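Observations on the model geometry
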Amino acid sequence: MDTVSMHQALITELPLVDALFDQYAGRFGRDQTAYRNHVYRLVNLVALQQPLTDDTLEKLQVAAFFHDAGIWLAGTFNYLQPSARLACHYLHETGRGAWSAEVQDMILDHHKLSACEPGKTPLVEAFRRADWIDLSRGLLRFTVPRPALRAVLCRFPNAGFHRRLLTLFLRQMATEPWRPLPMLRR
């Protein structure tokens, strides 16, 4: 089985992710580069935590593309469920329905404040950690070595992603101050 190891090189080509961005290009607008770079950072940050088989990398690409996509594709800051539904729909349409449970877990758990429950696959926890590493801009690193993290952040710059999240958070605060971060999980 082929594996992709971040200990050797960054993953700079994700054909499935790129095809999905092509398919939904008009929906992301000026945020496309920022979100695309976030997706590439996540995939690389997961690869820094565990080796990836070809199937795992493909599954990871689907989860990474759709994990926050509900913001743009469903037009909501309460995006976990819509993002998971979109991913599962895509998986069933493309004959990968067997991956639905794990991809859904990756999406629904990626904003958990604590580690995933026992019984979830290591990929789900690695994905959760990768998103927190990126969201914190490297303040949280878990097991990711600092030089490798720097390489990922340099290759796939922020491009306004965190600024966009801040704008969405402020909009959410203005409309639903009692629920400023509806996507967080314990």
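Residues numbered from 1 in each chain as written. Predicted model: local features only at pLDDT ≥ 70, side-chain atom pairs only at ≥ 80, totals over all residues. Heavy atoms only, no water.

1. Some details on the overall build of the protein
Heads up, the condition is: Counting from the N terminus, the helices are DSSP H or I runs at least four residues long and the strands are E runs at least two residues long. For this measure, only C-alpha atoms enter the radius of gyration; the expected value for a globule follows 2.2 Å times N^0.38, where N is the number of residues. The classification of residues rests on relative accessible area computed with a 1.4 Å probe and restricted to protein chains. Under 20% of the type maximum is buried, over 50% is exposed, and intermediate values are partly exposed. A contact between two residues is defined here by any heavy atoms of the two lying within 4.5 Å. Using the Shrake-Rupley algorithm and a 1.4 Å probe, accessible areas are obtained, with residue cover drawn only from the displayed protein chains.
Within the protein, the secondary structure is distributed over ten helices and two strands. For the protein, the succession of helices and strands along the chain, N to C, is β-α-α-α-β-α-α-α-α-α-α-α. Taking 16 Å as the expected radius of gyration for a compact globule of 186 residues, we find that the protein reaches 15 Å, a close match to that expectation. Dimensions of the protein along its principal axes, counting C-alpha atoms only, are 50 × 40 × 35 Å. Here the protein holds 186 residues, and 53% of them are scored as buried. Here the analysis covers contacts within the protein between residues at least 6 apart in sequence; of these, 65% occur between residues at least 24 apart. Of the roughly 9100 Å² of accessible surface on the protein, 54% is carried by carbon and sulfur atoms.

2. Brief notes about the packing of aromatic side chains
A ring pair, where both rings are aromatic, is described by two values, the distance of the centres and the angle of the planes. Selection rule: Here the aromatic set is Phe, Tyr and Trp, taking the six-membered ring for Trp, and pairing holds for ring centres within 6.5 Å; pairs whose planes are under 30 degrees apart are stacked, those over 60 apart are edge-to-face, and all others are tilted.
Following the criterion strictly, the structure yields 14 aromatic pairs and no others. Measuring from centroid to centroid gives 4.9 Å for Phe65 and Phe66, while their planes differ by 90°, and the two rings are edge-to-face. The exposure class of Phe65 is buried, given its relative accessible area of 0%. According to the relative accessible area criterion, Phe66 is buried, its value standing at 0%. Ring plane angle 45° and centroid distance 5.6 Å describe the contact between Phe66 and Tyr90, whose orientation is recorded as tilted. Remark: Tyr90 occurs in helix H6 (residues 80-93) and Phe66 occurs in helix H4 (residues 54-66); sequence separation between them is 24 residues.

3. Some points on the pattern of salt bridges
Under the convention used in this document: Just to be clear on terms, a salt bridge is a Lys or Arg side-chain nitrogen sitting within 4 Å of an Asp or Glu carboxyl oxygen.
Applying the stated criterion to the full structure yields eleven salt bridges. The partner of Lys120 in a salt bridge is Glu117, with the nearest N and O atoms 3.3 Å apart. Residue classification places Lys120 among the partly exposed residues on the basis of a relative accessible area of 26%. Among the residues examined, Glu117 registers a relative accessible area of 38% and is labelled partly exposed. Where salt bridges share partners, they join Asp105, Asp109, Lys112, Glu117 and Lys120 into one cluster.

4. Regarding the environment of Arg30
Here Arg30 lies in the loop between helix H2 (25-28) and helix H3 (32-49). A C-alpha to C-alpha distance of 28 Å links Arg30 and Lys112, two positions 82 residues apart in sequence.

5. Concerning the side chain of Gln32
By secondary structure assignment, the location of Gln32 is in helix H3. Here Gln32 is in contact with Phe21 and Ala25, once residues within four sequence places are set aside.

6. Some remarks on helix H7 (residues 100-109)
Judged by how many residues are buried, H7 sits mostly within the fold: seven of ten residues are covered. Among all positions of H7, only Ser100, Glu102, Val103, Met106, Ile107, Leu108 and Asp109 are buried.

7. Comments concerning the nonpolar core
The cut-off we apply is this: Joining through side-chain atoms within 4.5 Å is the link that ties buried Ala, Val, Leu, Ile, Met, Phe, Trp, Tyr and Cys residues into a set, and such a set is a nonpolar core.
The biggest cluster of nonpolar side chains holds 57 residues, and the ones touching the most others in it are Phe28 and Phe66. Here this core takes ten residues from H3, the largest share from any one element. Sequence-distant contacts of Phe66, defined by excluding residues within four places in its chain, comprise Leu20, Tyr24, Tyr35, Leu73, Ser83, Leu86, Ala87, Tyr90 and Ile107.

8. Examining the side chain of Asn158
Worth spelling out the cut-off: What qualifies as a polar contact is a pair of N or O atoms within 3.5 Å, subject to a donor-acceptor requirement within protein and to the restriction that residues adjacent in sequence count only when both atoms come from side chains.
Here Asn158 shows up in the loop between helix H9 (146-155) and helix H10 (161-175). A relative accessible area of 17% means that Asn158 is categorised as buried. A distance of 2.9 Å separates a polar side-chain atom of Asn158 from the backbone nitrogen of Phe161. Leaving out residues up to four positions away in the same chain, Asn158 has contacts with Ala34, Arg41 and Arg137.

9. Considerations on unusual backbone geometry
Residue Arg137 is not a glycine yet carries a positive backbone phi of 55°. Residue Arg137 is classed as exposed on the basis of its relative accessible area, which comes to 53%. Here Phe142, not a glycine, exhibits a phi torsion of approximately 50°, which is positive. For Phe142, a relative accessible area of 38% gives the class partly exposed.

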